[in-house]
Amino acid sequence: MIDIKNKFLEIMQKYKVVILSFINNLSIEAICKISIVLFILIIGSLFFTNSQSRANRIITDVFYISDNIRQSYIEKPNFWGLNTQKVVKEKIIDSKYIVNDKIITNNGLSILIGRGFQADTLMFLDNTFDIVINDLDKSTCISLIEANITKENIVKLREISLKNTNGVFSFKWGDGKYSLPVKKYIAKDICSDVNNSLLWTVE
């Protein structure tokens, strides 16, 4: 809430002279109408910024956790036997993410590790693993799919998949509508209002 207030004050201060000059030449009715429009635009902008910032923090957690796992398996030929329970039991990842025998991001989202949306145990010769987050609302779904992924992390990514009532959508490297890196604004048409599951396949 403090961030939103500071952002609002920063915007108002930046355009103070222009706003005052413009207001002096307007009627009361026009000022009221313009103020309402400006308020809506500012709140919308602040909400989007805050939502995207939250998504970027979640993505940071996802790849930090994946790095912990990759480091743990660096001397092994594959990820055979890897699942959520193993990660928790053997404390493969930073302990701050392990809460009540679950893997929880800094934003409070539960993460599963394994293969597919059910996070099944990885089998012999599996050289990639999946990180899954379930029960996402539409706003969070869109923000996470379209979140910025650093160059360092993008090379570790094999695929991003989405599952909901609209179906299953996979973003892979190559050409096509659903390709990596994810195109801007594409997620709004495929994320449902509730019960979205996102999966990152990491190698």
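See the structure above.
These notes cover the structure that comes with them. Residues take numbers from 1 onward in each chain, read along the sequence in its written order. Per-residue local features are limited, in this predicted model, to residues with pLDDT of at least 70; the limit for side-chain atom pairs, both in listing and counting, is 80 or more; totals at the level of whole chains, interfaces and linings are taken over all residues. As a rule here, side-chain values come from all non-hydrogen atoms in the structure, and water together with hydrogens is ignored.

### A closer look at the pairing of strand β5 (residues 157-164)
Point 1. Most of β5 is tucked away: six of the eight residues are buried.
Point 2. One bridge is not enough; two strands pair if DSSP finds at least two bridges between them. Secondary structure counts use DSSP, requiring at least four H or I residues in a row for a helix and at least two E residues in a row for a strand, with both numbered from the N terminus. In terms of strand pairing, β5 meets strand β8 (residues 196-202) through six bridges, oriented antiparallel. For L162, the partnering residue across the bridge sits in β8 and is L198.
Point 3. Pairing of β5 with strand β6 (residues 167-173) involves six bridges; the strand directions are antiparallel. Along β6, the bridge assignment pairs L162 with F169.
Point 4. Counted between consecutive antiparallel strands, the loop separating β5 from β6 contains two residues. Note on exposure labels: buried denotes an accessible area under 20% of the residue type's maximum, exposed denotes more than 50%, and partly exposed covers the range between, all computed with a 1.4 Å probe on protein chains only.

### Remarks on unusual backbone geometry
Point 1. Following L180, the chain continues into P181 via a peptide bond in cis, with omega recorded as -10°.
Point 2. Summarising the element assignment, P181 is placed in the loop between β7 (179-180) and β8.
Point 3. The residue D101 is not glycine, and still its phi comes out positive at about 65°.
Point 4. On the secondary structure map, D101 appears in the loop between β1 (98-99) and β2 (102-104).
Point 5. With a phi angle near 80°, L125 is a residue other than glycine that sits in the positive phi range.
Point 6. Structurally, the position occupied by L125 is in the loop between β3 (110-114) and β4 (129-136).
Point 7. On the basis of relative accessible area, L125 is assigned to the exposed category, the value being 60%.

### With respect to the side chain of S179
Point 1. Counting through the fold element by element, S179 comes out in strand β7.
Point 2. Classification of S179 by relative accessible area gives buried; the value is 6%.
Point 3. In this structure the side chain of S179 is engaged in a polar contact, spanning 2.9 Å, whose partner is the side chain of K183.
Point 4. By definition, residues are in contact when any of their heavy atoms lie within 4.5 Å. The contact partners of S179, leaving out residues within four places of it in the chain, are F171, K172 and G174. By the criterion applied in these results, polar contacts are pairs of N or O atoms within 3.5 Å in which, for protein atoms, one can donate a hydrogen and the other can accept it, and in which residues neighboring in sequence qualify only through two side-chain atoms.

### Overview of helix α5 (residues 138-145)
Point 1. Regarding α5, the residues found buried are T140, C141, S143, L144 and I145.
Point 2. N-capping of α5 is provided by D137, with a side-chain oxygen placed 3.3 Å from the backbone N of S139.

### Some remarks on the packing of aromatic side chains
Point 1. Pairing of aromatic rings covers Phe, Tyr and Trp, the last through its six-membered ring, and needs centres within 6.5 Å; plane angles under 30 degrees mean stacked, over 60 mean edge-to-face, and all others mean tilted. Under the counting rule described, the total for this entry stands at six aromatic pairs.
Point 2. Plain terms: the ring middles of Y73 and F79 are 5.3 Å apart, the flat faces sit at 50° to each other, and that makes the pair tilted.
Point 3. Ring centres of F169 and Y178 lie 5.6 Å apart, and the angle between their planes is 65°; this geometry places the pair in the edge-to-face category.
Point 4. On the accessibility criterion, F169 (13% relative accessible area) is buried.
Point 5. A relative accessible area of 26% means that Y178 is categorised as partly exposed.
Point 6. Here the basic side chain of K76 rests over the ring of Y73, its NZ or CZ set 4.5 Å away from the ring centre.
Point 7. To sit over a ring, a charge needs its Lys NZ or Arg CZ within 6 Å of the ring centre and within 35 degrees of the ring normal. Over the ring of Y64 we find K96, and its NZ or CZ is 5.9 Å from the ring centre.

### Re the state of the cysteines
Point 1. Here, the term disulfide refers to a pair of cysteine sulfur atoms separated by no more than 2.5 Å. The final tally for this structure, using the stated rule, is one disulfide.
Point 2. Across a sulfur-sulfur distance of 2.1 Å, C141 and C191 are joined as a disulfide pair. Between C141 and C191 the sulfur-sulfur dihedral comes to about -70°; the bridge is accordingly left-handed. With C141 in helix α5 and C191 in the loop between β7 and β8, the pair connects residues that are 50 residues apart, well separated along the chain. In terms of burial, C141 and C191 fall into one category: buried.

### Topic: the pattern of salt bridges
Any two side chains of opposite charge can pair, so long as their charged atoms come close to each other.
Point 1. Think of a salt bridge as a Lys or Arg side-chain nitrogen and an Asp or Glu carboxyl oxygen that are within 4 Å of each other. Across all of its chains, the model carries seven salt bridges by this definition.
Point 2. Notably, a salt bridge pairs D189 with K188, separated by 3.4 Å at the nearest N-O pair.
Point 3. Through salt bridges with shared partners, a single network forms among D67, R70 and K156.

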